[in-house]
Amino acid sequence: MSTEHDGADALMTAITGEPLPPGAHEDAAFLAEHRAAEADLAVLREQLGLIGHALAEPPPTPEPAPALPVRPSPRPRRRAFSLALGGLAVAAAASVMAGMGWLMSGGGTGAADSSGLDAGSSAEKQSDAGGVAFGSARYLACSRLVAEGEATAVERLPGTTTLRITLSLTRVYLPEVPDEDAKGSKPDEEQVFVVDENVVPGIRAGDPVLVGVPRGADQPDFWAVGERQIALERAMVTASLPEARELTCG
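Not measured: the values here are computed from a predicted model. (Residues numbered from 1 in each chain as written. Predicted model: local features only at pLDDT ≥ 70, side-chain atom pairs only at ≥ 80, totals over all residues. Heavy atoms only, no water.)

1. Considering the overall build of the protein chain
- For the protein chain, the count of helices and strands is five helices and seven strands.
- Shown N-terminal to C-terminal, the secondary structure of the protein chain runs as helices and strands in the order β-β-α-α-α-α-β-β-β-β-β-α.
- Burial analysis of the protein chain (250 residues in total) assigns 31% to the buried set.
- Summarising the internal contacts of the protein chain: among those between residues at least 6 apart in sequence, 59% fall at separations of at least 24.
- Split by element, the accessible area of the protein chain, about 16,000 Å² in all, is 59% carbon and sulfur. (Helix = DSSP H or I, 4+ residues; strand = E, 2+ residues; numbered from the N terminus. Buried < 20%, exposed > 50% of the residue type's maximum accessible area, 1.4 Å probe, protein only. Contact = heavy atoms within 4.5 Å. Areas by Shrake-Rupley, 256 points an atom, 1.4 Å probe, with all protein chains shown as cover.)

Right under this line is the structure:
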């Protein structure tokens, strides 16, 4: 309990700063408590001043923290697995459709041999035999010449995009019985063809070649350049030859 003198409280007197009541200086107890209260108030005012000063100052700007690598939010493993399976399914479907398209077109047109088996080689393939796929039994039954060879010379006709290509035949599928009247129908003989460079882009001397020439034509309607392309077509030709022997062109 705070000490009083003539109704004046020592603590409240110190807080309010009112003058001491008459005779308070002779009241030792009241005077001691009043002085202690003043001392406590002084300390309290100092602390409040420090707090107010600290609150009035702007906060220091923190130094930017070093940037940390942003890691993607983890996704559920089941979700990632499903997406992976979906991607594989799409890729597989695309491969199947591409393969079916190749089979239906008899090997396609303008496919480039980028296998690396023949550096710089390319393949340009086309067949105009009424839409019949090259290598099929019907195509072979109506062919004058189907043969493999090596391009021994590739010459561009001056001022044109036309190439004169000389082939040294190495394997003749048709005619199966060499035609003595047809030059170049036997292995080791030569055939010379004139063709636009867009049909066989990039062909060079030394490249392996497979050609198909329809009956009644002088020029091939089908070219394959490069061992990989030739291997695919060779399999088709050899598989179709037995059936082709039983057919007549018409």
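2. With respect to the environment of E233
- On the secondary structure map, E233 appears in helix α5 (residues 227-244).
- Counting along the chain gives 97 residues from E233 to S136, while the straight-line C-alpha distance between them is 9.9 Å.

3. Examining unusual backbone geometry
- Cis geometry is found at the peptide bond from L174 to P175, where omega equals 0 degrees.
- Structurally, the position occupied by P175 is in the loop between β4 (162-174) and β5 (190-196).

4. Side note on the confidence of the model for the protein chain
- Mean pLDDT over the protein chain stands at 74; residues scoring 70 or higher make up 62%.
- Confidence over residues 76-126 falls short of pLDDT 50; this stretch has 67 contacts with residues more than four positions distant or in other chains. (pLDDT = per-residue confidence, 0-100.)

5. What to know about the packing of aromatic side chains
- The full count for this structure, using the stated rule, is three aromatic pairs.
- Seen from their ring centres, F134 and F222 are 3.6 Å apart, and the 0 degrees between their planes marks the pair as stacked. Remark: F222 occurs in strand β7 (residues 222-225) and F134 occurs in the loop between α3 (77-104) and α4 (137-141); sequence separation between them is 88 residues.
- On the basis of relative accessibility, which here comes to 1%, the residue F134 falls in the buried class.
- Taking the relative accessible area as the measure of exposure, F222 reaches 1% and is therefore buried.
- With 6.0 Å between their ring centres and 85 degrees between their planes, F193 and W223 make a pair best called edge-to-face. Note that F193 is positioned in strand β5 and W223 in strand β7, a separation of 30 residues in sequence. Of the two residues, F193 and W223, neither departs from the other in class, the shared state being buried.
- Site record: aromatic cluster; members linked through ring pairs are F134, Y139 and F222. (Phe/Tyr/Trp six-rings, centres within 6.5 Å; stacked < 30°, edge-to-face > 60°.)

6. Structural notes on the pairing of β4
- Judged from the ten bridges that link them, strand β3 (residues 143-156) and β4 form a sheet pairing that is antiparallel. Residue pairing across strands places V154 opposite I165, the latter belonging to β4.
- The loop that links β3 with its antiparallel partner β4 comprises five residues; one of these, G159, has a positive phi angle of about 70 degrees. (Pairing = 2+ DSSP bridges.)

7. Let's talk about the sheet that holds β3
- The strand order β5-β4-β3-β6-β7 describes an open sheet built from five strands, whose pairing is antiparallel. Strand pairing shows two members of the sheet lacking a second neighbour, β5 and β7, which therefore form its edges. Here the strands of the sheet are splayed against their neighbours by 35 degrees on average, with no regard to which way each runs.
- For β3 and strand β6 (residues 208-214), the ladder comprises seven bridges, and the chain directions are antiparallel. Bridge pairing in β6 places S143 opposite P214.
- Against the sheet, α5 makes contact with β3, β4, β6 and β7, and its axis sits at roughly 45 degrees relative to β4, the strand it touches most. (Axes fitted to C-alpha atoms, helices over the stretch in contact; angles between N-to-C directions.)

8. Things to note about α5
- Between its first and last C-alpha atoms α5 spans 24 Å; for 18 residues at 1.5 Å apiece the expected length is 26 Å, and the two agree.
- Among the residues of α5, those classed as buried are Q229, I230, E233, R234, V237, S240, L241 and A244. (Expected span 1.5 Å × (residues − 1).)

9. Describing a nonpolar patch on the surface
- Taken together, the side chains of L44, L48, I51 and L55 present a nonpolar region at the surface, about 440 Å² in accessible area.
- When you line up the elements, L44 lands in helix α2 (residues 28-56). (Patch = residues over 30% accessible without salt bridge, like charges linked within 9 Å, V, L, I, M, F, W, Y side chains within 5 Å. Salt bridge = Lys/Arg side-chain N within 4 Å of Asp/Glu carboxyl O.)

10. Details of the state of the cysteines
- Applying the stated criterion across every chain, the model contains one disulfide.
- Across a sulfur-sulfur distance of 2.0 Å, C142 and C249 are joined as a disulfide pair. Around the S-S axis, the bridge from C142 to C249 shows a dihedral of about 110 degrees and counts as right-handed. Of the two residues, C142 is situated in the loop between α4 and β3 and C249 in the segment after α5; the sequence distance between them amounts to 107 residues. (Disulfide = S-S within 2.5 Å.)

11. Some points on the nonpolar core
- In terms of nonpolar packing, the biggest core is built from 18 residues, with I165, L167, F193, V200, I203, V209 and W223 touching the most fellow members.
- Looking at this core, the elements with two or more residues in it are β3, β4, β5, β6 and β7.
- By residue number, the principal contributor to this core is β4, which donates five residues.
- Within the second largest apolar cluster, 15 residues are counted, among which are V146, Y173, A224 and I230. (Core = buried A, V, L, I, M, F, W, Y, C linked by side-chain atoms within 4.5 Å.)

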